[in-house]
Amino acid sequence: MAATRNDLSTASGTWSLHRLPDMDEAQFDQWQTLLEHRTGITLPVERKSFLETNLGIRMREVGCGSYQAYYEKVVSSPEAVVEWSTLVDRLTVQETRFFRDPDACRLVSDYILTRPRDVLRRRPLEAWSVGCSSGEEPYSLAMLLNESMEQLALPPLFGVTGSDISKPAIARAQRGLFNARKLLGMDETLTSRYFRPAEQNSVKIVDSIRERVCFTRLNVLDLKHAPMHGMNIIFCQNLLIYFRRWRRREIVKHLAERLAPGGLLVLGQGELTDWQPPGLQRVPSEKVLAWIRRQSDEE
């Protein structure tokens, strides 16, 4: 049964309950197919209520009274492109936080600290956060890279790219503004060094870090056309779980092709099992799922 929410009746000025329409099997299949076709994301039947709730909220905002009417608005109306972008943001942006996976962060630091220093002096480090949502992960990577380069007494030659399918998420990430609650649990040395107070109980990433991070909209189904190449570090955590097994392998294959020889690919634990990506060597770790691109694969 779909959820219910309070709607404001402008005629009476009072709140009243209105039941969201029930979504039948055919309608769910229709939305399920559209989402997978356009984004690659599979929505199991267990998440039907999630779909109903998020569609229902947006339907009220735009004045659609049925799932079919809203489907047609998303697919074939004059404002379909803009509406689809808004909906994708509602359905795909996940909760994230700074330094979400401490073990993976330590692995990245160790990876940088063990690189030949002459290589780090000659060529800037390039990192890529795939499915970056509102920006916490790429900014975390930038802070990690900066800390590691300082530890090596090297100039901060690095850049980080964050990509996501959601335009609104990318816009939020570019601003570098976050609710102050996002810093709870973080190392106080890092918070005092890389964040500054901003308006309305928010904090802002310092310019020296924000200027080293760029963001772009990218659908992972279009990775073969992505302009990123020769990346030293690629982070793709908690994204592959939404895709079918064959598509996960396809995505990882394309990511591996964009690594520089010796580059590091980090995935989420359990996101890819019983398969060895070609050209990559597994990093021996029980806590992090990661690979290194073999040096012999240099083209």
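Fair warning: this is a prediction, and the values are worked out from it, not measured in the lab.

**Overview of the overall build of the protein chain**
Part 1 of the reasoning: When you go through the protein chain residue by residue, the secondary structure sums to 11 helices and 12 strands.
Part 2 of the reasoning: The C-alpha extent of the protein chain, read off along each of the three principal axes, is 70 × 45 × 35 Å.
Part 3 of the reasoning: Long-range contacts, defined as pairs at least 24 residues apart, comprise 68% of the intrachain contacts of the protein chain with a sequence gap of at least 6.
Part 4 of the reasoning: In the form shown here, the protein chain has an accessible surface area of approximately 15300 Å², with 49% of it arising from carbon and sulfur atoms.
Part 5 of the reasoning: Positive and negative side-chain charges of the protein chain, numbering 40 and 38 respectively, have mean locations separated by a distance of 2 Å.

**A few points about a negative patch on the surface**
Part 1 of the reasoning: Among the surface-exposed residues, Asp 22, Asp 24, Glu 25 and Asp 29 lie close enough to one another that they form a single negatively charged patch.
Part 2 of the reasoning: Inspection of the secondary structure assignment puts Glu 25 in helix H1 (residues 25–39).
Part 3 of the reasoning: Given the relative accessible area of 62%, Glu 25 is considered exposed.

**Observations concerning the nonpolar core**
Side chains of a nonpolar character, in soluble globular proteins, are inclined to be buried together.
Part 1 of the reasoning: Core analysis: the largest hydrophobic core is formed by 45 residues, its most contacted members being Trp 31, Leu 55, Trp 128, Leu 255, Leu 265 and Leu 267.
Part 2 of the reasoning: The contact partners of Leu 265, leaving out residues within four places of it in the chain, are Ile 234, Val 252, Leu 255, Leu 259, Leu 280, Leu 289, Ala 290 and Trp 291.
Part 3 of the reasoning: One finds Phe 158, Ile 233, Phe 235 and Leu 264 within the second-largest nonpolar core, a separate group that totals 44 residues.

**What about the pattern of salt bridges?**
Part 1 of the reasoning: This model, assessed by the stated rule, comprises 15 salt bridges.
Part 2 of the reasoning: One salt bridge in this structure joins Glu 61 and Arg 58, with 2.8 Å as the shortest N-O distance. Taken together, the positions of Glu 61 and Arg 58, both in helix H2 (residues 48–62) and three residues apart, correspond to about one turn of that helix.
Part 3 of the reasoning: On the accessibility criterion, Glu 61 (46% relative accessible area) is partly exposed.
Part 4 of the reasoning: Glu 257 is the salt-bridge partner of Arg 258, the closest N and O atoms lying 3.7 Å from each other.

**Things to note about the packing of aromatic side chains**
Part 1 of the reasoning: For the structure on display, the rule yields six aromatic pairs.
Part 2 of the reasoning: Ring centres of Phe 98 and Phe 195 lie 5.1 Å apart, and the angle between their planes is 80 degrees; this geometry places the pair in the edge-to-face category. Of this pair, Phe 98 sits in the loop between helix H4 (80–92) and helix H5 (102–113) while Phe 195 sits in strand E6 (residues 195–198), placing them 97 residues apart in sequence. You'll find Phe 98 and Phe 195 in the same group, each marked buried.
Part 3 of the reasoning: On the basis of an interplanar angle of 85 degrees and a centroid distance of 6.0 Å, the ring pair of Tyr 139 and Phe 178 is categorised as edge-to-face. Of the two residues, Tyr 139 sits in helix H7 (residues 136–151) while Phe 178 sits in strand E5 (residues 177–179), which places them 39 residues apart along the sequence. In this pair, the class of Tyr 139 matches that of Phe 178, namely buried.

**Notes on the sheet that holds E5**
Part 1 of the reasoning: In space, the three strands of this open sheet follow the order E5-E7-E6, with antiparallel pairing throughout. Of all the strands in the sheet, the pair left with one neighbour each is E5 and E6. Averaged over all pairs of adjacent strands, the angle between strand axes in this sheet comes to 40 degrees, irrespective of strand direction.
Part 2 of the reasoning: Pairing analysis gives four bridges linking E6 to strand E7 (residues 202–205), with the strands arranged antiparallel. For Pro 197, the partnering residue across the bridge sits in E7 and is Val 203.

**Describing the confidence of the model for the protein chain**
Part 1 of the reasoning: The predicted model of the protein chain has a mean per-residue pLDDT of 88, with 91% of residues at 70 or higher.
Part 2 of the reasoning: Per-residue pLDDT stays below 50 along residues 1–17; that stretch engages in 30 contacts with residues further than four places along the chain or on separate chains.

**What about the environment of Pro 261?**
Part 1 of the reasoning: Its location among the elements puts Pro 261 in strand E10 (residues 259–267).
Part 2 of the reasoning: Separated by 32 residues in sequence, Pro 261 and Arg 293 place their C-alpha atoms 5.4 Å apart.

**So, the side chain of Ser 85**
Part 1 of the reasoning: Topologically, Ser 85 is positioned in helix H4.
Part 2 of the reasoning: Note on Ser 85: relative accessible area 17%, which makes it buried.
Part 3 of the reasoning: Once residues within four sequence positions are removed from consideration, Ser 85 is found in contact with Lys 167 and Pro 168.

**Some remarks on the sheet that holds strand E4 (residues 158–164)**
Part 1 of the reasoning: Judged by pairing direction, the sheet is mixed, and its seven strands sit side by side in the order E8-E4-E3-E9-E10-E12-E11 without closing on themselves. The open sheet terminates on both sides in strands that have one partner only, identified here as strand E8 (213–217) and strand E11 (280–282). Strand-to-strand twist of the sheet, defined as the mean angle between neighbouring strand axes without regard to direction, takes the value 20 degrees.
Part 2 of the reasoning: Direction of pairing for E10 relative to strand E12 (residues 289–293): antiparallel, over a ladder of four bridges. Directly across from Val 266, in E12, lies its bridge partner Ala 290.
Part 3 of the reasoning: On the sheet, H7 packs against strand E3 (125–130), E4, E8 and strand E9 (231–236) and is oriented at approximately 165 degrees with respect to E4.
Part 4 of the reasoning: In the packing of helix H8 (residues 167–175) onto the sheet, contacts are made with E4 and E8, and the angle to E8 comes to roughly 170 degrees.

What counts, and where the lines are drawn
Counting of residues starts from 1 at the beginning of each chain's written sequence and follows it residue by residue. It should be noted that, the model being predicted, local features are given only for residues of pLDDT at least 70 and side-chain atom pairs only at 80 or more, the latter also being counted only at that level, while totals for whole chains, interfaces and linings use all residues. As a rule here, side-chain values cover all heavy atoms of the structure and leave hydrogens and water aside. Note on conventions: DSSP H or I runs of at least 4 residues are helices, E runs of at least 2 residues are strands, and numbering of each starts at the N terminus. Here, two residues are considered to be in contact whenever any of their heavy atoms come within 4.5 Å of each other. Throughout, the Shrake-Rupley method with a 1.4 Å probe supplies accessible areas, and for residues the shown protein chains are the sole cover considered. Note that His is not counted, nor are the chain ends; the positive residues are Lys and Arg, and the negative ones are Asp and Glu. Where a charge lies is defined by one atom per residue type, namely NZ (Lys), CZ (Arg), CG (Asp) and CD (Glu). A patch is a set of surface residues, each over 30% in relative accessible area and not in a salt bridge, joined within 9 Å for like charges and within 5 Å for the nonpolar side chains Val, Leu, Ile, Met, Phe, Trp and Tyr. Salt bridge, as used here: a side-chain nitrogen of Lys or Arg that lies within 4 Å of a carboxyl oxygen of Asp or Glu. Note on classification: 1.4 Å probe, protein chains only; a residue is buried when its accessible area is under 20% of the maximum for its type, exposed when over 50%, partly exposed between these limits. Take the buried residues of types Ala, Val, Leu, Ile, Met, Phe, Trp, Tyr and Cys, join any two whose side-chain atoms come within 4.5 Å, and each joined set is a nonpolar core. Stacked, edge-to-face and tilted labels apply to pairs of Phe, Tyr and Trp rings (six-membered ring for Trp) whose centres lie within 6.5 Å, assigned for plane angles under 30 degrees, over 60, and everything in between, in that order. At least two DSSP bridges between two strands are needed for those strands to be called paired. Every axis in this analysis is a line fitted to C-alpha atoms, fitted for helices over the stretch in contact. Angles between the N-to-C directions lie between 0 and 180 degrees. The pLDDT value expresses, per residue, how confident the predictor is, ranging between 0 and 100.

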